[in-house]
Amino acid sequence: MSAGTTQQGPAARRSAMAEQVLADGSATAAELAERFGVSLMTIHRDLDELERQGIVRKFRGGVTAQPSGVFESNVQYRLKAMRAQKAAVADHALGLIEPGTAIMLDDSTTALEIARGLRLAGITPLTVVTNFLEALNLLSDQRGIHLMALGGDYDPLHSSFLGVSCVEAVQSLRVDVCFASTSAVHGGYAYHQEQHIVSVKRAMLDSAARNVLLIDHTKLARTALHRVAPLSRFDLVLVDDGAPAEALRELDEHQVRYEVCATGPTTATNMTNVTRGCDDPAGAT
């Protein structure tokens, strides 16, 4: 346990605590007390506050991550969840991007990993269209990238621009590839927890010649409130290698073209499943 950990204030400690629970899925109060160098009473107060915010769910002796609407919405917590898996998916997605094309990135934190990769990949010239303020900030100083911001009503919870104005801005464009993510994939459909996000994502899918769905394995066989689109609307689904076999079988049953991306030191694709209508190379854009 480091000195920096023991000296954290309540807000910083709770943020670090939430990050650990989101990464591990669960934790006991005793484990958290030892890690953060505070009493069990203090830990329980912190956990009460995190539960009040909708980030965790308490049980006797500990907590689990809470997949609530707040968790799904809050960009600060989404940024901390499944980072290695999102990076693996984004690394593979970079191989689908060719110089001279126009791509669209939604406001998902998986698409944000693509923006991070573009800073180093040297795929230029390139046009990048996005409504995600985090991605705009990342790419604003990159030479060779023509950056287009989608306007609309700024939503600080998502750090993105949404609403009717954003949908209209999307509808006025035509891009080569749209990279998007959703809250859940189940029964041959992609779902999202929030209705006002769905309208923007649908417009993005309609504006692109090709659509690529980016998901970490926790999104498979989950449920969310609003249906975004059938998986047939996506030319390719990218998922990390934590995906269980039964979830991949469900994708097979719905004739979904997907590729599984390996996490770890080398983020190369370790399996490709090509279904009907997918005779072209996986990297074509």
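Shown above is the structure to which this text applies.
Residues numbered from 1 in each chain as written. Predicted model: local features only at pLDDT ≥ 70, side-chain atom pairs only at ≥ 80, totals over all residues. Heavy atoms only, no water.

*Asks:* Tell me about the overall build of the protein chain, and please be specific about residues and values.
*Replies:* Along the protein chain, the regular secondary structure elements total twelve helices and 16 strands. Classification of the 285 residues of the protein chain by burial places 51% in the buried group. Long-range pairs, those at least 24 residues apart, make up 61% of the contacts in the protein chain with a sequence separation of at least 6. Counting every atom, the protein chain has about 12700 Å² of accessible surface; 50% of that belongs to carbon and sulfur. (Helix = DSSP H or I, 4+ residues; strand = E, 2+ residues; numbered from the N terminus. Buried < 20%, exposed > 50% of the residue type's maximum accessible area, 1.4 Å probe, protein only. Contact = heavy atoms within 4.5 Å. Areas by Shrake-Rupley, 256 points an atom, 1.4 Å probe, with all protein chains shown as cover.)

*Asks:* Lay out the packing of aromatic side chains in plain terms, naming residues and giving numbers.
*Replies:* Under the definition given, this model contains two aromatic pairs. Judged by centre distance (5.3 Å) and plane angle (55 degrees), the ring pair of Tyr-154 and Phe-161 falls under tilted. Stacked on the ring of Tyr-189, the Lys or Arg Arg-227 has its end atom at 3.7 Å from the ring centre. (Phe/Tyr/Trp six-rings, centres within 6.5 Å; stacked < 30°, edge-to-face > 60°. Lys NZ or Arg CZ within 6 Å of the ring centre and 35° of its normal.)

*Asks:* Would you mind going over the pairing of strand S2 (residues 56–59) in detail, with residue names and values included?
*Replies:* Both S2 and strand S3 (residues 62–65) contribute to a ladder of four bridges, which runs antiparallel. Note on S3: the bridge partner recorded for Phe-59 is Gly-62. In sequence, S2 turns back onto S3 through a hairpin of two residues, with Gly-61 there showing a positive phi of about 95 degrees. (Pairing = 2+ DSSP bridges.)

*Asks:* Go over the environment of Gly-100 with me, naming the residues and quoting the values.
*Replies:* By the secondary structure assignment, Gly-100 is in the loop between helix H7 (83–94) and strand S4 (102–105). What makes Gly-100 exposed here is its relative accessible area of 57%. When the C-alpha positions of Gly-100 and Pro-125 are compared, they lie 5.1 Å apart, and in sequence the two are 25 residues distant.

*Asks:* Can you explain the nonpolar core? Please cite residues and give values.
*Replies:* Ranked by internal contacts, the top residues of the largest apolar core, which has 36 residues, are Leu-220, Leu-231 and Leu-251. Leu-220 has contacts with Val-185, Ile-215, Val-239, Ala-243, Ala-247 and Leu-251, leaving out every residue within four places of it along the chain. (Core = buried A, V, L, I, M, F, W, Y, C linked by side-chain atoms within 4.5 Å.)

*Asks:* Give a detailed account of the pattern of salt bridges, specifying residues and quantitative values.
*Replies:* Side-chain pairs of opposite charge can arise whenever the charged atoms involved come near each other. A complete count under the given rule lists ten salt bridges for this structure. For Lys-201, the salt bridge is made with Asp-107, and the minimal N-O distance between the two is 4.0 Å. With Lys-201 in helix H11 (residues 195–206) and Asp-107 in the loop between S4 and helix H8 (109–121), this pair connects stretches of sequence that are 94 residues apart. Among the residues examined, Lys-201 registers a relative accessible area of 5% and is labelled buried. Among the salt bridges present, the one from Arg-119 reaches Asp-141, with a minimum N-O distance of 3.1 Å. Here Asp-141 lies in the loop between helix H9 (133–139) and strand S6 (145–149) and Arg-119 lies in helix H8, a separation of 22 residues in the sequence. The exposure class assigned to Arg-119 is partly exposed, which follows from its relative accessible area of 34%. Ionic contacts of the salt-bridge type, sharing partners, join the residues Arg-13, Arg-14 and Asp-46 into one network. (Salt bridge = Lys/Arg side-chain N within 4 Å of Asp/Glu carboxyl O.)

*Asks:* Give a detailed account of helix H4 (residues 40–52), specifying residues and quantitative values.
*Replies:* Across its 13 residues, H4 extends 18 Å between first and last C-alpha, which sits within 8% of the 18 Å expected from 1.5 Å per residue. Within the sequence span of H4, burial applies to Thr-42, Ile-43, Asp-46, Leu-47, Glu-49 and Leu-50. Along H4, the residues classed as buried sweep out an arc of 160 degrees about the axis, all on the same side. The exposed set on the far side of H4, more than 90 degrees from its buried face, consists of Met-41 and Arg-52. (Expected span 1.5 Å × (residues − 1). Arc of directions from axis to C-beta.)

*Asks:* Give me the sheet that holds strand S11 (residues 189–192): which residues, what numbers.
*Replies:* The strand order across the open sheet formed by three strands is S10-S11-S13, and the pairing between neighbours is antiparallel. At either end of the open sheet lies a strand with only one pairing partner, and these are strand S10 (184–186) and strand S13 (226–230). For this sheet, the mean inter-axis angle between neighbouring strands, taken without regard to orientation, is 35 degrees. Pairing geometry for S10 and S11, over three bridges, is antiparallel. When the sheet's bridge partners are listed, His-186 is paired in S11 with Tyr-189. Against the sheet, H11 engages S11 and S13, with an angle of about 10 degrees to S13. (Axes fitted to C-alpha atoms, helices over the stretch in contact; angles between N-to-C directions.)

*Asks:* So what's going on with the side chain of Glu-194? Which residues, and what values?
*Replies:* In this structure, Glu-194 sits in the loop between S11 and H11. Among the polar contacts listed, one links the side chain of Glu-194 to the side chain of His-158, at a separation of 3.1 Å. (Polar contact = N/O pair within 3.5 Å; in protein donor to acceptor, adjacent residues only side chain to side chain.)

*Asks:* Let's hear about the packing of H7 against H8: which residues, and what values?
*Replies:* Taken N-terminus to C-terminus, the directions of H7 and H8 make an angle of 60 degrees; their axes are 8 Å apart at the nearest point. It follows that H7 is oblique to H8 by the angle criterion. Classified by chirality, the crossing of H8 by H7 is right-handed. Between H7, through Arg-83, Lys-86, Ala-87, Val-89, Ala-90, Ala-93 and Leu-94, and H8, the contact on the second element is made entirely by Thr-109, Thr-110, Glu-113, Ile-114, Arg-116, Gly-117 and Leu-118. (Parallel < 35°, antiparallel > 145°, perpendicular 65-115°, else oblique. Left-handed = near helix turned anticlockwise from the far one by under 90°.)

In short, the description is geometric, and any link to function would need to be established separately.
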